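The primary structure of each chain is shown beneath.
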Amino acid sequence: MKQSEFKKRRKQFMQRIGKGNIALISSASTQIRNRDVDFPFRQDSDFYYLTGFNEPDAVAVFAPGREQGEYVLFCREFDEKKALWEGAHAGLEGATVHYEADDAFPIDDLDDILPGFLENKTKIFYPLGRNLDFDQRLLAWINHIRSQSRSGVVAPSELVSLDSIVHEMRLFKSANELKLLRRAATVSANAHIRAMQVCKSGLYEYQIEAELIHSFMSNGLRSVAYPSIVAGGSNACTLHYTENKAKLKSGDLLLIDAGAECDHYAADITRTFPVSGRFSEPQKQLYQLVLDAQSAALEQIKPGLPWNQAHDASVEVLTKGLIDLGLLKGKLKKLIKDEKYKLFYMHRIGHWLGMDVHDVGAYKVNDAWRLLEPGMVLTVEPGLYIPVDCKTVDEKWRGIGIRIEDDVLVTADGYEVLTDGVPKSIVEIEALMQAL
Ligand code: GLY
Ligand code: MN
Ligand code: MN
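Residues numbered from 1 in each chain as written. Chains lettered and ligands numbered in written order. Predicted model: local features only at pLDDT ≥ 70, side-chain atom pairs only at ≥ 80, totals over all residues. Heavy atoms only, no water.

Considerations on the coordination of the manganese ion (ligand 2)
In ideal tetrahedral geometry, four donors around a metal make angles of 109.5 degrees, whereas ideal octahedral geometry with six donors gives angles of 90 or 180 degrees.
1) Next: Protein coordination at the manganese ion (ligand 2) comes from Asp 268 (OD), His 351 (NE2), Glu 381 (OE) and Glu 405 (OE), with a distance range of 2.0 to 2.2 Å.
2) Next: Coordination at the manganese ion (ligand 2) is irregular, judged from the 6 donor atoms that bind it and the angles of 51 to 153° they form at the metal.
3) Next: Read N to C, the donor residues that coordinate the manganese ion (ligand 2) are spaced as D-x82-H-x29-E-x23-E.
4) Next: The distance between the manganese ion (ligand 2) and the manganese ion (ligand 3) comes to 3.3 Å, with Asp 268 serving as a donor to both metals. Within this pair, whereas His 351 is found in the loop between helix H12 (332-337) and strand E15 (364-365), its partner Glu 405 is found in the loop between strand E19 (401-403) and strand E20 (406-410), the two being separated by 54 residues in sequence.
5) Next: The exposure class of His 351 is buried, given its relative accessible area of 8%. (Donors = N, O, S within 2.8 Å, 3.2 Å for Na, K, Ca; no water. Tetrahedral: all angles 85-135°; square planar, octahedral: opposite > 155°, others 65-115°. Helix = DSSP H or I, 4+ residues; strand = E, 2+ residues; numbered from the N terminus. Buried < 20%, exposed > 50% of the residue type's maximum accessible area, 1.4 Å probe, protein only.)

Below you can see the structure in the form of structure tokens.
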């Protein structure tokens, strides 16, 4: 992503904060995995969205109207020894030259310098509750300013959620963001194809996971967007199954929910297919039902339609299908009203997608479901999960878990599926798996 995009975002953000106010956000911290080893660093999405700065130990300050510069970055000073052991880092000069901060200060001087920024400001925009240490420091700085009130300094009187501004911005994807989402989607779709091609009974779930990671990484996307779910047979009925260590059996379905991250943007794809390459009759019937539910939901993705309408469409198709197949008994309306479908379909149709796989953005506005608008990206992922021990249904259905998930952009007149590179119809899947 070019610096100009981050600059544009900061400008918009500062307009929304308004002069006389200030916003603060701290970077993510490195997390210890064990002893001298850290987890791979992942920047806080809001911080990255506004700064493009990919280092820990940093704080960004936005002070609209500040004469000496509105955008200030506190970060680590350049340290040659650190560079030798750990590699490149921007330092104060890099923060201004490469990341276009108006001013940069050492992060170690934060307690001395930052309170000065807060003096005589009315509101502080800040993601309260995300980093408890930083919350405490902020309160200490405010108290310090209050203690000086007799010298004429005024302490900020309001702490305002920064999320409401940044998350609303993040909900609408720019052309540059869409490029990254498309790349994440394409690479992930190809990885799913590879998984279908190599799948055979006797392999272990983790071997399929390895194929996915191989595909992501060899295409330059070094991180998954979330831990891959590779769930053979009834493991698919555990919604967030990540153990991935069972042996794949012919006759079972395999559910894969996996996506790569491309420069902080996620893909989130699920496909379910037969280990053997051929669906059994009961698998086919349930699979087609989930696919029909997905088609019905996709038809509800259009500007002006409320977000929940796609969910309601999926509930109706699934419940009707479950009645037709004999898994639910009763009248459609009543079964929906009593939420009987939840025994087999217990999650919602999807979620916003972006820098976070479950991305930010309000689903309701003033207590009403949000209306879809062009530029929003969401997943559409109906599923059916028949518990292995479900005595109320015929044995042939038990232990089948199916989810079909695509990433969808709301366009001016409808929707575009970003992840349609990977097949999902029964005919296409069987053809792909037999083509080898
Ligand atoms: N991969 C998590 C989800 O589908 O929401
Ligand atoms: Mn999802
Ligand atoms: Mn998923």
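Topic: the sheet that holds strand E7 (residues 123-126)
1) Next: Across the sheet, 6 strands lie side by side as E6-E5-E4-E1-E7-E8; this open sheet has mixed pairing. With partners counted over all chains shown, the strands left at the sheet margins are strand E6 (103-106) and strand E8 (158-161), one partner each. Averaged over neighbouring strand pairs, the angle between their axes works out to 20° when direction is ignored.
2) Next: Pairing geometry for strand E1 (residues 22-26) and E7, over 2 bridges, is parallel. If you follow Ile 22 over to E7, its bridge partner there is Ile 124.
3) Next: Helix H1 (residues 3-17) rests against E1, strand E4 (59-62), strand E5 (71-75) and E7 of the sheet, and its axis sits at about 60° to E4. (Pairing = 2+ DSSP bridges. Axes fitted to C-alpha atoms, helices over the stretch in contact; angles between N-to-C directions. Contact = heavy atoms within 4.5 Å.)

Points about the coordination of the manganese ion (ligand 3)
1) Next: Distances from the manganese ion (ligand 3) to its protein donors, Asp 257 (OD), Asp 257 (OD), Asp 268 (OD) and Glu 405 (OE), fall within 2.0 to 2.3 Å.
2) Next: Note that the manganese ion (ligand 3) binds 6 donor atoms; their angles at the metal cover 57 to 169°, and the shape is irregular.
3) Next: Here the donor residues of the manganese ion (ligand 3) are spaced in sequence according to D-x10-D-x136-E.
4) Next: Here Asp 257 falls in the buried class, since its relative accessible area comes to 6%.

Quick word on a nonpolar patch on the surface
1) Next: A contiguous nonpolar surface patch, about 270 Å² in accessible area, is contributed by Leu 128, Leu 139 and Leu 159.
2) Next: Structurally, Leu 139 is set in helix H6 (residues 132-146).
3) Next: The class of Leu 139 is partly exposed, set by a relative accessible area of 44%. (Patch = residues over 30% accessible without salt bridge, like charges linked within 9 Å, V, L, I, M, F, W, Y side chains within 5 Å. Areas by Shrake-Rupley, 256 points an atom, 1.4 Å probe, with all protein chains shown as cover. Salt bridge = Lys/Arg side-chain N within 4 Å of Asp/Glu carboxyl O.)

Some thoughts on H1
For an α-helix, 3.6 residues make a turn, and residues three or four places apart therefore share a direction.
1) Next: Under the 1.5 Å per step criterion, the end-to-end length of H1 is 21 Å for 15 residues, consistent within 8% with the ideal 21 Å.
2) Next: Along H1, the positions that sit buried rather than exposed are Gln 3, Glu 5, Phe 6, Arg 9, Arg 10, Phe 13, Met 14 and Ile 17. Along the long axis of H1, the arc covered by the buried residues comes to 165°, so they all point the same way. Exposed side of H1, more than 90 degrees from the buried face: Lys 8, Lys 11 and Gln 15 are the residues found there.
3) Next: Looking one or two residues beyond H1, the residue adopting positive phi is Gly 18, at roughly 90°. (Expected span 1.5 Å × (residues − 1). Arc of directions from axis to C-beta.)

Overview of the nonpolar core
1) Next: Formed by 109 residues in total, the largest nonpolar core has its most connected members in Phe 13, Phe 62, Ile 208, Leu 254, Ile 256, Phe 344 and Leu 384.
2) Next: Excluding anything up to four places from it in sequence, Phe 344 contacts Leu 322, Leu 327, Leu 328, Gly 383, Leu 384, Tyr 385, Ile 386, Pro 387, Cys 390 and Val 393.
3) Next: Ile 107, Tyr 126, Trp 141 and Val 153 belong to the second-largest nonpolar core, a separate cluster that totals 21 residues. (Core = buried A, V, L, I, M, F, W, Y, C linked by side-chain atoms within 4.5 Å.)

Brief notes about the packing of H1 against helix H7 (residues 163-171)
1) Next: Where H1 meets H7, the axes come as close as 10 Å, and the angle between the chain directions of the two elements is 140°. As judged from the angle between their axes, H1 and H7 are oblique. In this structure, H1 meets H7 at a crossing whose hand is right-handed. In this structure, H1 contributes Arg 9, Gln 12, Phe 13, Arg 16 and Ile 17 to the contact, and H7 contributes Ile 165, Val 166, Glu 168 and Met 169.
2) Next: A breakdown of the residues in the contact of H1 with H7 according to their chemical character gives 5 nonpolar, 1 polar and 3 charged. (Parallel < 35°, antiparallel > 145°, perpendicular 65-115°, else oblique. Left-handed = near helix turned anticlockwise from the far one by under 90°. Nonpolar A, V, L, I, M, F, W, Y, C, P; charged D, E, K, R; others polar.)

Quick look at a negative patch on the surface
1) Next: Taken together, the side chains of Asp 57, Glu 77, Asp 79, Glu 80 and Asp 108 make up a negatively charged region of the molecular surface.
2) Next: Here Asp 79 is to be found in the loop between E5 and helix H3 (80-86). (Lys, Arg positive; Asp, Glu negative; His and termini not counted. Charge placed at Lys NZ, Arg CZ, Asp CG, Glu CD.)

Regarding the sheet that holds strand E21 (residues 415-417)
Hydrogen bonds along the backbone pair up the strands of a sheet, which may run parallel or antiparallel.
1) Next: The sheet built from 3 strands is open, its strands ordered E17-E20-E21 with antiparallel pairing. Two strands bound the open sheet, and with one partner strand each, they are strand E17 (377-380) and E21. Strand-to-strand twist in this sheet, taken as the mean axis angle between neighbours without regard to direction, amounts to 35°.
2) Next: Sheet topology places E17 next to E20; 4 bridges connect them, and they run antiparallel. Bridged to Val 377 within E20 is Leu 409.

That's the geometry; what it means functionally is another story.
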